[in-house]
Amino acid sequence: MADFFRIKNSANSCASGATILIQNVEDPYYFCLFGSIITEMSRYGNFRVEQYISRSFHVNESKNFIRFTLFRASNLVLGSKWVNAYKSFAPFIGFKFLKFNLIFDFLDAVLALKSYRLIKSHDELLALNIKNVYVGDLVNDTYLRFKPSPRVTLSDLYLLFIIWHAYRVIRSTQKYFLRARPILFLTSYSTYLQHGIAVRVALLNQVQVRSFGNYQQFSKRLTIDDFYHTKNPTSYRLDFELLNDKENCLKLAEDSFKRKIAGEVDPHFSYMKNSAYTITEQGIPSVRGASIIFLHDFFDSPHVYPGMVFHDFWEWICFTIDSLDSLNLSYFVKPHPNQIGLNDEVLAALIRKYPHLKFISPKVTNTQLIEGGIVSAITVYGSVAHEMAYFGIPSIACARHPHIAYSFCRTANTKEGYRKLIHSLKTMQNLDESKMRNESLEFYFMHNLNLKTSESDLMLATHNLRSACSRVPLDDGHELVDFVMKLYSNDSFKETCKVLFNLTSENSTLNKINYHVFLD
């Protein structure tokens, strides 16, 4: 694939024109996607493309000193193949997440240690702000993912290590934007330090940022007010009212949803290796009249959506269990069907803390639970909320989840508000089931299907490319080229790339941009 992009971009290997920054994501899908975008953009003119090399943390690297040292050393060499591959369409190095500078790194370590010592609670950690950049959620979630741990240990030196990197990357990122003044930054996600800091500093410097990390839209423009790569759902209800032929929209949604509950893996949730509706012969205990807590992967970023009430999924599940037990309500716990293996240790710890817990196998389908007579669902921000609503089952949540505009899922924005929602579970069973089903379909259409034909085809093409990249080696470019060519032939892909190129031409006079200077 690198040779394919190298040939395609040979005419645009110069350093002229406005600068575009590309995140070097060590993933075949993003390599193919970003290469395709740059190649299509180059049809309209010249520009300079630079790489942000985001190689950084490793899962479980802090287990012992030898492991930590080896992983640190490996960063210097293992990323070189990806850097060389990305040079096929992004020939220049912009900056690196792990670039060392002895003097400044020492000064950053002093500042990080000062911040680390001042943090006495998880609330203070989440409120962490460095040089006008809010990073508390990024530090928190990076620790959970790479420690890995379901909970941040505030006294852990690995937390200090992560905070130190936050200081270092903010310094180097700001220096880069002041020097290079890129017009556009293309990134995958906006969670964790290696993605999120570059995104937030870019936005503060009035650089347009496009993310490609959600499964409902090809590209999302991030802003100071909405720097989450997940799709913004707040206007779904208002936007649906503006549509023509609403009945047909609901029918399309129902047809698609029925395929999902029949066990097909929904392409709009293709990160799920297993469907929660895959037909199995797994038996279940009597769940009639019970609530089901649908667990999340404890090591996923809990702040991928804004407004998360709890610091992490461990605090959430313990709070939920304690509240349910105090009310003597019947409930079961269902693990996430696509969780990573490390969650088994967390579940074992949860059983030790709450020996009375009743678990449902993740192989049990949600259809079985519905037929078994469950009365409500409990989640943080899971898609299970609209799935249950289709069958007249209400849910509660505690973040600005995708269903936030709809009444079938009641949402808390404080811990006390969440406790009250748990207390209201007994009275939630008398809701209008017809209204809930209609709202569920309306949500499903707005979240997944409200696309022009060309946009829908583009989403299918990216889904197919992602699937191909998961099974075809990057070096085997012949098969992947076929999927990339499907992007080039799509009108929405061409239109998006032309819009992105026009940004570079309209803003090529670099002094039009007021770059933000951070105050110490």
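Remember, predicted model here, so these are calculated numbers, not experimental data.

J.: When you look at the overall build of the protein in this model, what are you seeing that I'm missing?
T.: Looking only at helices and strands, the protein has 20 helices and 13 strands in total. Against the 2.2 N^0.38 benchmark of 24 Å for 520 residues, the protein shows a C-alpha radius of gyration of 24 Å, consistent with a compact globule. With the C-alpha coordinates of the protein rotated into their principal frame, the extents come out at 65 × 55 × 40 Å. Each of the 520 residues in the protein was classed as buried or not, and the buried ones make up 57%. Residue pairs at least 24 apart in sequence account for 75% of intrachain contacts in the protein once pairs closer than 6 positions are excluded. Of the roughly 22600 Å² of accessible surface on the protein, 54% is carried by carbon and sulfur atoms. Counting 57 positive and 49 negative side-chain charges, the protein places the centres of these two groups 6 Å from one another.

J.: What am I meant to see in a nonpolar patch on the surface here?
T.: Together, L102, I103, F104, F106, L107 and V110 make up a nonpolar patch on the protein surface, roughly 670 Å² of accessible area in all. Mapped onto the elements, F106 comes out in helix α5 (residues 102-118). Taking relative accessible area as the criterion, F106 reaches 55% and is therefore assigned exposed.

J.: Would you mind showing me how to read empty space enclosed by the protein here?
T.: One way to see where empty space is left: roll a probe the size of a water molecule over the atoms. One pass over the full model with this rule turns up one cavity of 30 Å³ or more. Lining the largest cavity, in full, are D137, L138, D141, S190, T191, Y192, R200, Y228, S301 and H303. Looking at the lining of the largest cavity element by element, the count peaks at three residues for helix α7 (residues 136-146). Residue classes in the lining of the largest cavity are distributed as three nonpolar, four polar and three charged.

J.: Looking at this structure, how should I read the pattern of salt bridges?
T.: A side chain of one charge can pair with a side chain of the opposite charge when the charged atoms of the two come close. Following the criterion strictly, the structure yields 21 salt bridges and no others. The partner of K251 in a salt bridge is D255, with the nearest N and O atoms 3.1 Å apart. You can see K251 and its partner D255 sitting in helix α11 (residues 246-261), four residues apart, about one turn around the helix. Taking the relative accessible area as the measure of exposure, K251 reaches 48% and is therefore partly exposed. In this structure, E479 engages R471 in a salt bridge whose closest nitrogen and oxygen atoms are separated by 3.0 Å.

J.: How do you make sense of the pairing of strand β10 (residues 331-334) when you look at a structure like this?
T.: The side chains of a regular strand alternate between the sheet's two faces. Of the two faces of β10, both are covered, the one formed by Y331 and V333 as well as the one formed by F332 and K334. Note: strand β9 (residues 291-294) against β10, four bridges, orientation parallel. When the sheet's bridge partners are listed, S291 is paired in β10 with Y331. What joins β9 to β10 is helix α12 (residues 313-327), and the crossover it makes is right-handed.

J.: I keep staring at the packing of helix α2 (residues 28-41) against helix α19 (residues 477-488) and nothing clicks. Help me out?
T.: In helix packing, the relevant descriptors are the interaxial angle and the interaxial distance, both defined with respect to the helix axes. Across the interface, α2 lies against α19 with an axial gap of 10 Å and an inter-helix angle of 45°. With respect to α19, the element α2 is oriented oblique. In this structure, the crossing between α2 and α19 has a hand that is right-handed. Of the residues in α19, those in contact with C32, L33, G35, S36, T39 and E40 of α2 are L480, V484, L487 and Y488.

The rules behind these values
- Residues numbered from 1 in each chain as written.
- Predicted model: local features only at pLDDT ≥ 70, side-chain atom pairs only at ≥ 80, totals over all residues.
- Heavy atoms only, no water.
- Helix = DSSP H or I, 4+ residues; strand = E, 2+ residues; numbered from the N terminus.
- Rg over C-alpha atoms; globule rule 2.2 N^0.38 Å.
- Buried < 20%, exposed > 50% of the residue type's maximum accessible area, 1.4 Å probe, protein only.
- Contact = heavy atoms within 4.5 Å.
- Areas by Shrake-Rupley, 256 points an atom, 1.4 Å probe, with all protein chains shown as cover.
- Lys, Arg positive; Asp, Glu negative; His and termini not counted.
- Charge placed at Lys NZ, Arg CZ, Asp CG, Glu CD.
- Patch = residues over 30% accessible without salt bridge, like charges linked within 9 Å, V, L, I, M, F, W, Y side chains within 5 Å.
- Salt bridge = Lys/Arg side-chain N within 4 Å of Asp/Glu carboxyl O.
- 1 Å grid on protein atoms, 1.4 Å probe; cavity = no way out; pocket = protein on both sides within 12 Å on 5 of 7 lines; lining within 4 Å.
- Points joined across faces, edges and corners; volume = space filled by probe spheres on them.
- Nonpolar A, V, L, I, M, F, W, Y, C, P; charged D, E, K, R; others polar.
- Pairing = 2+ DSSP bridges.
- Right-handed = clockwise from strand over helix to strand, strands pointing away.
- Axes fitted to C-alpha atoms, helices over the stretch in contact; angles between N-to-C directions.
- Parallel < 35°, antiparallel > 145°, perpendicular 65-115°, else oblique.
- Left-handed = near helix turned anticlockwise from the far one by under 90°.

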